[in-house]
Amino acid sequence: INHIVHNGGLYKRPFNEAFEETPMLVAVLTYVGYGVLTLFGYLRDFMRQWKIEKCQNATEREEQKDFVPLYQDFENFYNRNLYMRIRDSWNRPICSVPGAKVDMMERVSHDYNWTFTYTGRVIKDIINMGSYNYLGFAQKTGACQEAAAKVLSQYGAGVCSTRQEMGNLDKHEELEKLVARFLGVESAMAYGMGFATNSMNIPALVGKGCLILSDELNHASLVLGARLSGATIRIFKHNNMQSLEKLLKDAIVHGQPRTRRPWKKILILVEGIYSMEGSIVRLPEVIALKKKYKSYLYLDEAHSIGALGPSGRGVVDYFGLNPEDVDVMMGTFTKSFGAAGGYIGGKKELIDYLRTYSHSAAYATSMSPPVVEQIITSVKCIMGEDGTTVGRARVQQLAENTRYFRRRLKEMGFIIYGNEDSPVVPLMLYMPAKIGAFGREMLKRNIGVVVVGFPATPIIESRARFCLSAAHTKEMLDTALKEINEVGDLLQLKYSRRRLVPLLDRPFDETTYEETED
């Protein structure tokens, strides 16, 4: 009882997060669907081999037959027989600003999605439910655009050098001081690419003899950075604090394999918002465990910075925590700020060390000046330093849109994953045939959505992922909801039975849950 009360006291606000159980019939039918597709794939391969099938695009060219295959057998099989059937749902070319509405180039395929031809027609005013434009700063008019255009005329588009050589502009210095103030940390450093911010900096922080404890659903950039570091990696269950604590205890008790020496460092890798699940990290508990076991915490706020918290300062602000409790605060400018690149914030000693030893700092070209100015202007807007309340209003509008959209989808009977305050909203599709069907039907109705399937998700957990924006008006959301409801009925996607399973068996955080043997 004391343990529950103590942990419950870590949360200053309700933390409502639930993952509804997959209905057994749906799970069985999904496996059957993949089984049938696989059988037909082998049948079609046989027909291609004997030149019975007319479309020979999937057949290996004669001049390549003596070479080692580029792909593994099953990966190649999956691409040509399963993925290719619904390839039209991805890589759709847009030809406008990725704001609340987009224009898309129409394309058709006459060879089962192996190649596409453009019709020359542009589909106008598609409601954009897929871009990470959380605060609506992806726009071609307004203060950000004007400031970026002015800097473009003064500095040009590129820097043509690294930060350590001739590529350190006054704008870069201004950006880093502003980001440090925004985050509430001593110092910060900006990088030209969000993915590389993780993959190139983690190896600079840990190495051989160190231990990384990584959430099982961490982004590929975190996974790559951990692997490149040479440190030992151990995985804990998604957002499961018992699993994390067990690994921490084992690491301290047993030490390194064979030698049993203590680990040089233990680094916990987590994300603020998990972009496929829509879940928010249990940061108060992670920080409590980090302090208890004297480890370090690396927090990736790619999706949460700007999108969470009363002042848009991310998941630390959302829980009302002290930024100093997070050793490495990482985030990207590609989402809420409508720009490009990433940052790392923390103590001055940490940032000074990374300026010297980070591969991104030493070898990567500096950020483009207009992009830097876009970030500076948008951050000042969020902080209210532009003399307006526009930034704060956008943060509040995103929170309202998120709660409204999630509530309406649940009321319709869809299975929705994640936290009620997360602007990433996964709607479960499950069956392989419904992945392509949902994307196509929504596009027919002028709604642009992102659909996701295996291997980006578990094989029976295909989904559509909506990303909400402060730029979405209530009318836009109502239009999208009306069409989603209609497509949901058409494709029979309303699987919800209101049976909710928790991430972990904890009653104190108001997670709705159902007892299971798991």
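Residues numbered from 1 in each chain as written. Predicted model: local features only at pLDDT ≥ 70, side-chain atom pairs only at ≥ 80, totals over all residues. Heavy atoms only, no water.

By the naming in an unreviewed UniProt entry, the chain is serine C-palmitoyltransferase, taken from Rhadina sibilatrix. As stated in UniProt under Sequence similarities (unreviewed entry), the record for the chain gives "Belongs to the class-II pyridoxal-phosphate-dependent aminotransferase family." Reading the Subcellular location (unreviewed entry) entry of the UniProt record for the chain gives the comment "Endoplasmic reticulum membrane". (UniProt positions renumbered as here; feature names shortened; annotations may be inferred.)

Colleague: Summarise the overall build of the chain; cite the residues concerned and give the values.
Modeller: Counting secondary structure elements, the chain contains 16 helices and 16 strands. Computed over C-alpha atoms, the radius of gyration of the chain comes to 24 Å, within 12% of the 24 Å expected from 2.2 N^0.38 for 518 residues, which places it in the range of a compact globule. Judged by the C-alpha coordinates and their principal axes, the chain covers about 65 × 60 × 55 Å. Taken over 518 residues, the chain has a buried fraction of 54%. Taking the contacts inside the chain whose residues are at least 6 apart along the sequence as the reference set, 71% of them involve residues at least 24 apart. Carbon and sulfur atoms form 55% of the exposed surface of the chain, whose accessible area is close to 24400 Å². (Helix = DSSP H or I, 4+ residues; strand = E, 2+ residues; numbered from the N terminus. Rg over C-alpha atoms; globule rule 2.2 N^0.38 Å. Buried < 20%, exposed > 50% of the residue type's maximum accessible area, 1.4 Å probe, protein only. Contact = heavy atoms within 4.5 Å. Areas by Shrake-Rupley, 256 points an atom, 1.4 Å probe, with all protein chains shown as cover.)

Colleague: Kindly report on the sheet that holds strand β10 (residues 342–346), identifying the contributing residues and their values.
Modeller: The 7 strands are arranged β4-β10-β9-β8-β7-β5-β6 in an open sheet whose pairing can be described as mixed. Each edge of the sheet is formed by a strand with only one pairing partner; in this case those strands are β4 (187–191) and β6 (232–236). Neighbour-to-neighbour, the strand axes of the sheet open up by a mean angle of 20°, direction not taken into account. Judged from the 4 bridges that link them, strand β5 (residues 211–215) and strand β7 (residues 266–271) form a sheet pairing that is parallel. Of the residues in β7, the one forming a bridge with S214 is L269. Across the face of the sheet, helix α5 (residues 170–183) comes into contact with β4, β9 (328–332) and β10 while running at roughly 125° to β4. Its contacts with the sheet put helix α9 (residues 283–292) on β7 and β8 (296–300), and the angle it makes with β8 is roughly 155°. (Pairing = 2+ DSSP bridges. Axes fitted to C-alpha atoms, helices over the stretch in contact; angles between N-to-C directions.)

Colleague: Hey, could you go over the packing of helix α4 (residues 143–155) against helix α13 (residues 369–383) for me, with residue numbers and the actual values?
Modeller: Direction vectors running N to C along α4 and α13 enclose 145°, while the axes themselves pass 8 Å from each other. Here the hand of the crossing between α4 and α13 comes out right-handed. Every residue of α13 that contacts α4 at A143, C144, Q145, A147, A148, V151, L152 and Y155 is listed here: P369, P370, E373, Q374, T377 and S378. Its residues placed into classes, the contact of α4 with α13 shows 9 nonpolar, 4 polar and 1 charged. (Left-handed = near helix turned anticlockwise from the far one by under 90°. Nonpolar A, V, L, I, M, F, W, Y, C, P; charged D, E, K, R; others polar.)

Colleague: I'd like a description of the domain arrangement of the chain, backed by residues and values.
Modeller: Parsing the chain into structural domains produces domain 1 (17–128 + 388–497) and domain 2 (143–383). For domain 1 versus domain 2, the separation of C-alpha centres amounts to 29 Å. Each side of the interface is counted separately: domain 1 has 21 residues, and domain 2 has 19 residues. Both faces considered, domain 1 and domain 2 share a buried interface measuring about 1500 Å² in area, 56% of it formed by carbon and sulfur atoms. A salt bridge links E277 to R463; the shortest N-O distance between them is 3.0 Å. Along the contact surface separating domain 1 from domain 2 lie 10 residue pairs in polar contact (both at pLDDT 80 or more). Per-element tally for the side of domain 1 that touches domain 2: the top contributor is helix α14 (residues 390–412), with 6 residues. Here the residues of the side of domain 1 that touches domain 2 are counted per class, giving 10 nonpolar, 5 polar and 6 charged. (Domains from an automatic or database assignment. Buried area = accessible area lost by both parts, 1.4 Å probe. Salt bridge = Lys/Arg side-chain N within 4 Å of Asp/Glu carboxyl O. Polar contact = N/O pair within 3.5 Å; in protein donor to acceptor, adjacent residues only side chain to side chain.)

Colleague: Report on the packing of α14 against helix α16 (residues 474–491), specifying residues and quantitative values.
Modeller: The geometry of α14 relative to α16 is characterised by a closest axis approach of 11 Å and an angle of 20° between their N-to-C directions. The angle between the axes of α14 and α16 places the two elements in the roughly parallel class. The chirality of how α14 crosses α16 is right-handed. Within the contact between the two elements, α14 uses N401, Y404, F405, R408, L409 and M412 and α16 uses K474, L477, D478, L481, I484 and N485. Tallied by class, the residues present in the contact of α14 with α16 amount to 7 nonpolar, 2 polar and 3 charged. (Parallel < 35°, antiparallel > 145°, perpendicular 65-115°, else oblique.)

Colleague: Please set out helix α7 (residues 220–229) residue by residue, giving values where relevant.
Modeller: For α7, the complete set of buried residues consists of S221, L222, G225, A226 and S229. Buried residues of α7 fall within an arc of 135° about the axis and therefore sit on the same side. Next to the buried residues of α7 lie α6 (194–205), β5, β6, β7 and β8. Directly beyond the C-terminal end of α7, a positive phi value near 85° is found at G230. (Arc of directions from axis to C-beta.)

Colleague: Outline the state of the cysteines, listing residues and values.
Modeller: For the coordinates displayed, the defined rule picks out 0 disulfides. Cysteine C144 remains unbridged, with the sulfur of C381 as its closest cysteine sulfur at 6.4 Å. With a relative accessible area of 4%, C144 lands in the buried category. (Disulfide = S-S within 2.5 Å.)

Colleague: Please provide a residue-by-residue account of helix α2 (residues 24–49), values included.
Modeller: Relative to the 38 Å expected for 26 residues at 1.5 Å per residue, α2 spans 38 Å between its end C-alpha atoms, a close match to the ideal helical length. Taken as a whole, α2 has its buried residues at V26, A27, T30, Y34, L37, G41, R44, D45 and R48. A positive phi of about 60° marks K51, the residue just after α2. (Expected span 1.5 Å × (residues − 1).)

Colleague: Give a description of the pairing of β4 that names residues and reports values.
Modeller: Most of β4 sits out of view: 5 of its 5 residues are buried. In β4, alternate side chains face the same way, and those of S187, M189 and Y191 on one face and A188 and A190 on the other are all buried. The pairing of β4 with β10 spans 5 bridges and is classified as antiparallel. Counted as the bridge partner of M189 is I344 from β10.

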